Amino acid sequence: MTGTFTGRSPAAEASPEAPGLSEPSKGLTVVTKEPYCAETPLPELDTWVTPTERFFVRSHFPVPHLDVESWRLIVDGEVDHPLELSFADLMRERTRTVVTTMECAGNSRSSVYPPAQGVRWHHGALGTARWSGVSLWDVISKAEIRPAAIEAVFEGADHGREPGVPEELSYAMSVPIVKAEHPDTLLAFEMNGEPLTASHGFPVRVIVPGWYGMGSVKWVTRISLIDHSFRGFFRTKPYTFIHEGDDPDVLRKPVTSLQVKSVITWPPEGATVAPGRIVVRGAAWSGEAAISRVEVAVGLPDDSGEGGTWRPATLLGPETPHAWVRWEVPIDLERPGYFVLRCRATDERGDTQPLRAEWNFRGVANNSMHAVPLIVRRSA
Ligand SMILES: Nc1nc2c(c(=O)[nH]1)N[C@H]1C(S)=C(S)[C@@H](COP(=O)(O)O)O[C@H]1N2
Ligand SMILES: [Mo]
């Protein structure tokens, strides 16, 4: 039997309306107002597909409000035939739908220690959506890409200033050609069966399955093929692994694929439950491999991350290449007390989650084990 929960829901603290946005963000927790960053409370991530109004928003600059009639996509750079495409041009291509899990590279930054620079996300800069659009490659290959091209740079219509940078910047991010060629890399115009909302990239955004969210450029208006590694601000500063002592003028490893990770979506952190059996539920994902195992421990970890009693969870699926799997495991908590649950996923490559992820200056790609404190109480 499932226990009853009296844990205060983080949703209760959510702001009803996001400032400067046309659509309300009910159910999201606003992390920063400017730029607008809002995350999903974990209990709201308890479904395979995340409803659009509950899907986190991460924007670096104010939302550009674009008009579908005047929107154009330029394809240029290392191509023989530069293109300028309208929305109607895109609609002539074959439609493709991909369900993919998106996680911000800064997700879970609030639990990085020592504290790292950046938006202090808890664990909810994360969600899974059904994206429809056209394969990126079907569109850009018409420009006759030259063999010299090694990366595609996606540029958004949003722009503004970043600390330490003298000039205005547009949001831009690159992917290697192999990622641009993948048929599931999309120019998407629908999210969960509806046109994109303004804050999620209307009218067209890129979707790069298997990568952290920074590659899925919203409000895309230009794609440039280049014959070198892109050195734009967002590629080389926030979305890169910087370690202690690194020379700021030397390029570091870029943040790309999602590391193996899992979260407990039920019970909520800090919930009070009655003694007995609870069914712990959650999600697990990994960028370039399937999830092979999820385990849940009751009890504090030792330094290795072991400790406690580990129980294998049942993987509920669905099994698709780019989306998280749901899992659940019954846990018996007969005795009143204060407890902590932890979960740990392992993928088919054998990658697993650490107790504490290796520290980096931006606190990116933190895939340390999620822990949920829980109170078992007779009067719950
Ligand atoms: N044009 C543009 N695209 C962008 C961003 C942005 O600020 N501007 N943020 C990126 C980051 S860091 C993430 S995590 C995802 C978030 O997408 P969402 O707001 O639809 O959840 O968009 C990416 N694409
Ligand atoms: Mo992000």
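Note that the structure is predicted; figures quoted are calculated from it, not measured.

**What about the overall build of the chain?**
Working step 1: Looking only at helices and strands, the chain has four helices and 22 strands in total.
Working step 2: By the compact-globule yardstick of 21 Å for 380 residues, the chain fits well, its C-alpha radius of gyration being 21 Å.
Working step 3: For the C-alpha atoms alone, the extent of the chain along its principal axes is close to 70 × 45 × 40 Å.
Working step 4: The buried share among the 380 residues of the chain stands at 53%.
Working step 5: Put simply, 71% of the contacts in the chain that link residues at least 6 apart link residues at least 24 apart.
Working step 6: Here the chain displays about 16,800 Å² of accessible surface, and carbon together with sulfur accounts for 52% of that area.
Working step 7: Of the side chains in the chain, 38 bear a positive and 48 a negative charge, and the two mean positions are spaced by 6 Å.

**So, the site of ligand 1**
Working step 1: Taken together, 20 residues lie around ligand 1, and Phe 56, Asp 158, His 200, Arg 205 and Lys 218 are the ones closest in.
Working step 2: Phe 56 has a polar backbone atom sitting 2.6 Å from an oxygen atom of ligand 1.
Working step 3: The contact in question runs from an oxygen atom of ligand 1 to an N or O atom on the side chain of Lys 218, over 2.6 Å.
Working step 4: Within the complex, 100% of the 530 Å² of free accessible area of ligand 1 lies under protein.

**Looking at the sheet that holds strand β17 (residues 291-298)**
Working step 1: One open sheet holds the five strands; their spatial order is β15-β22-β21-β17-β18, and the pairing between them is mixed. Looking at which strands have only one partner, the edges of the open sheet turn out to be β15 (271-273) and β18 (309-312). The mean inter-strand angle of the sheet, taken between neighbouring strand axes irrespective of direction, is 30°.
Working step 2: Sheet topology note: the β17/strand β21 (residues 337-347) ladder contains seven bridges and is antiparallel.

**Here we look at unusual backbone geometry**
Working step 1: The step from Phe 202 to Pro 203 runs through a cis peptide bond, and the omega angle for that step is 5°.
Working step 2: With respect to the helices and strands, the residue Pro 203 is situated in the loop between β11 (194-195) and β12 (205-207).
Working step 3: In the segment running from Trp 266 into Pro 267, the intervening peptide bond is cis, with an omega of 5°.
Working step 4: Note on placement: Pro 267 falls in the loop between β14 (261-266) and β15.
Working step 5: Here the phi dihedral of Glu 144 falls at roughly 60°; this positive angle occurs in a residue that is not glycine.
Working step 6: In this structure, Glu 144 sits in the loop between α2 (136-140) and β8 (151-160).
Working step 7: You will see that Ala 365, though not glycine, has its phi angle at about 60°, which is positive.
Working step 8: Within the fold, Ala 365 resides in the loop between β21 and β22 (370-376).

**Regarding the pattern of salt bridges**
Pairing between side chains of opposite charge can happen when the charged atoms of each approach one another.
Working step 1: According to the stated counting rule, one finds 18 salt bridges in the structure shown.
Working step 2: In this structure, the salt-bridge partner of Arg 146 is Glu 78, at a minimum N-O distance of 3.8 Å. You can see Arg 146 sitting in the loop between α2 and β8 and its partner Glu 78 sitting in the loop between β4 (72-77) and β5 (83-86), a full 68 residues away along the chain.
Working step 3: A salt bridge links Arg 344 to Glu 295; the nearest nitrogen and oxygen atoms lie 3.2 Å apart. Here Arg 344 is found in strand β21, whereas its partner Glu 295 is found in strand β17, with 49 residues between them in sequence. For the pair Arg 344 and Glu 295, one class covers both residues: buried.
Working step 4: Taken together, the salt bridges that share partners define one network made up of Arg 293, Glu 295, Glu 306 and Arg 344.

**Focus on the domain arrangement of the chain**
Working step 1: Structurally, the chain comprises domain 1 (4-236) and domain 2 (261-376).
Working step 2: Summarising the inter-unit geometry, the C-alpha centres of domain 1 and domain 2 are found 27 Å apart.
Working step 3: Counting from both sides, the interface comprises 40 residues of domain 1 and, opposite them, 33 residues of domain 2.
Working step 4: Buried area between domain 1 and domain 2, both sides added, is near 3,000 Å², and the carbon and sulfur share of it is 55%.
Working step 5: Across the domain 1-domain 2 interface, the total number found is four salt bridges.
Working step 6: The partner of Arg 281 in a salt bridge is Asp 46, and the shortest N-O contact between them spans 2.5 Å.

Conventions and cut-offs
Residues numbered from 1 in each chain as written. Chains lettered and ligands numbered in written order. Predicted model: local features only at pLDDT ≥ 70, side-chain atom pairs only at ≥ 80, totals over all residues. Heavy atoms only, no water. Helix = DSSP H or I, 4+ residues; strand = E, 2+ residues; numbered from the N terminus. Rg over C-alpha atoms; globule rule 2.2 N^0.38 Å. Buried < 20%, exposed > 50% of the residue type's maximum accessible area, 1.4 Å probe, protein only. Contact = heavy atoms within 4.5 Å. Areas by Shrake-Rupley, 256 points an atom, 1.4 Å probe, with all protein chains shown as cover. Lys, Arg positive; Asp, Glu negative; His and termini not counted. Charge placed at Lys NZ, Arg CZ, Asp CG, Glu CD. Near = heavy atom within 4 Å. Polar contact = N/O pair within 3.5 Å; in protein donor to acceptor, adjacent residues only side chain to side chain. Pairing = 2+ DSSP bridges. Axes fitted to C-alpha atoms, helices over the stretch in contact; angles between N-to-C directions. Salt bridge = Lys/Arg side-chain N within 4 Å of Asp/Glu carboxyl O. Domains from an automatic or database assignment. Buried area = accessible area lost by both parts, 1.4 Å probe.

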